[in-house]
Each structure stands twice: as C-alpha cells, then as structure tokens.
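Spelled out, the chains give:
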Amino acid sequence: MAGTSIITVDCEKCKKKYESEVVDHIDLSEDRDLAKSLKTGKANRVQCPKCKKVMYLDRSLVINFEPESLIVLYDPAARRKAVREEHIREYNTVIGINETLEELGEETEFMVISDKKKLRDLVTNYLKEHG
Ligand SMILES: [Zn+2]
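Described in the following lines is the structure provided in the data block.

Cut-off values and rules
- Residues numbered from 1 in each chain as written.
- Predicted model: local features only at pLDDT ≥ 70, side-chain atom pairs only at ≥ 80, totals over all residues.
- Helix = DSSP H or I, 4+ residues; strand = E, 2+ residues; numbered from the N terminus.
- Buried ≥ 20, exposed ≤ 12 C-beta atoms within 10 Å, placed from the backbone.
- Contact = placed C-beta atoms within 7 Å.
- Core = buried A, V, L, I, M, F, W, Y, C linked by C-beta atoms within 7 Å.
- Pairing = 2+ DSSP bridges.
- Axes fitted to C-alpha atoms, helices over the stretch in contact; angles between N-to-C directions.
- Parallel < 35°, antiparallel > 145°, perpendicular 65-115°, else oblique.
- Left-handed = near helix turned anticlockwise from the far one by under 90°.

**Re the overall build of the protein chain**
Thinking step 1. Of the regular secondary structure elements, the protein chain holds four helices and seven strands.
Thinking step 2. When the elements of the protein chain are put in sequence order from the N terminus, they spell out β-β-α-β-β-β-β-α-α-β-α.
Thinking step 3. For the protein chain, the spread of C-alpha atoms along the principal axes amounts to about 50 × 35 × 25 Å.
Thinking step 4. The buried share among the 131 residues of the protein chain stands at 15%.
Thinking step 5. Within the protein chain, contacts between residues at least 6 apart in sequence are counted, and of these 53% link residues at least 24 apart.

**Focus on the nonpolar core**
Thinking step 1. Core analysis: the biggest nonpolar cluster contains 16 residues, and I26 and I63 have the highest contact counts within it.
Thinking step 2. Breaking this core down by element, the ones donating at least two residues are β2 (17-27), α1 (32-39), β5 (61-64), β6 (70-74) and α4 (116-130).
Thinking step 3. No other element matches α4, which puts four residues into this core.

**Observations concerning the pairing of β5**
Thinking step 1. The two faces of β5 differ: L61 and I63 on one face are buried, but V62 and N64 on the other face are not.
Thinking step 2. As paired elements, β5 and β6 share four bridges and run antiparallel to each other. When the bridges of β6 are listed, I63 appears paired with V72.
Thinking step 3. Connecting β5 to the next strand, β6, in antiparallel fashion are five residues, including S69 with a positive phi near 55°.

**What to know about the packing of α1 against α4**
Thinking step 1. Viewed as axis vectors pointing N to C, α1 and α4 meet at an angle of 135°, and their least axial separation amounts to 9 Å. Put simply, α1 runs oblique to α4. With respect to the hand of their crossing, α1 and α4 are arranged in left-handed fashion. Only R120, V123, T124 and L127 of α4 make contact with α1, whose side of the interface consists of A35, L38 and K39.

**Some thoughts on the sheet that holds β6**
Thinking step 1. Within the open sheet, the five strands sit side by side as β1-β2-β5-β6-β7. Their pairing is mixed. Each of the sheet's edge strands pairs with one partner strand only, and the pair in question is β1 (3-10) and β7 (109-113). Neighbour-to-neighbour, the strand axes of the sheet open up by a mean angle of 25°, direction not taken into account.

**A look at the pairing of β2**
Thinking step 1. Where β1 and β2 come together, eight bridges link them in antiparallel fashion. What sits directly across from I6, in β2, is E21.
Thinking step 2. Hairpin remark: β1 followed by β2, antiparallel, with six residues in the connecting loop; positive phi at K15, about 70°.
Thinking step 3. Pairing analysis gives three bridges linking β2 to β5, with the strands arranged parallel. Paired with I26 across the two strands is I63, which belongs to β5.

In short, shape yes, function no, at least from these values alone.
Take a look at the structure:
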C-alpha cells in the first residue's frame, strides 16, 4: 500500500490554496500504477479545483524496490552531501531501534538520491525486470 498524506498546495496559476492527497511512500511491488507514473515523473499530480491547473509536485518520496532489498529516499532538496548524510544517519537510527529492524537493515541497501533522472532510471530498470 502506498503511504499518502494531505498537504496544502498553492496553485501556481490562480494562487488558490487547496488541499490534496500526495504520495510519500511507494512499494513498487504493490503499486504498479504508481511505479509507472513515477517513471514518467508524474507521481504527485494535483489539480486546482478552481482553475483546473495541473501541477506535478517534486516532493521527497520513499520507494521500496521489493524484492530487490533496496530502499531509496528521493529528496529533491538533498543536493548537498551533508543533507544526504543526515538522511542516512536518521535511517541508521531508525533501524537501530530493535533487532528485527537491524536485521532488515543489514539486508537492505539504503540510498538517498536527489536526481530525478537517476530515480527514473532505477524505476525503469525495476519495471523491466519485474514488470
Ligand atoms: Zn488555480
């Protein structure tokens, strides 16, 4: 199941503020449609209820590449190495909570990327192999 949340979006055309559901977490093995929209860069499509302007939000996302034991945190703001390292520290803190998570962490590769093209390449390869 995809993890979603409700956020407030500012319409870039008419400036209206509206609430919309966005995706924060995708499990590629379960969310095939989302995987496809991720590949085309359209994972977080929102539409203004007033002027109908469609926007694709570039937000951070956690993507689980099951069964490849790879978790990718896509964060467009993580261009600086320090930000990426902070994410990895947080991840290590989370998996350090208990033994089950720690074992899972040892078997799982965690990657932080800020490059949308790199994310698309990963998803494209995944869909080729598991599609
Ligand atoms: Zn609008």
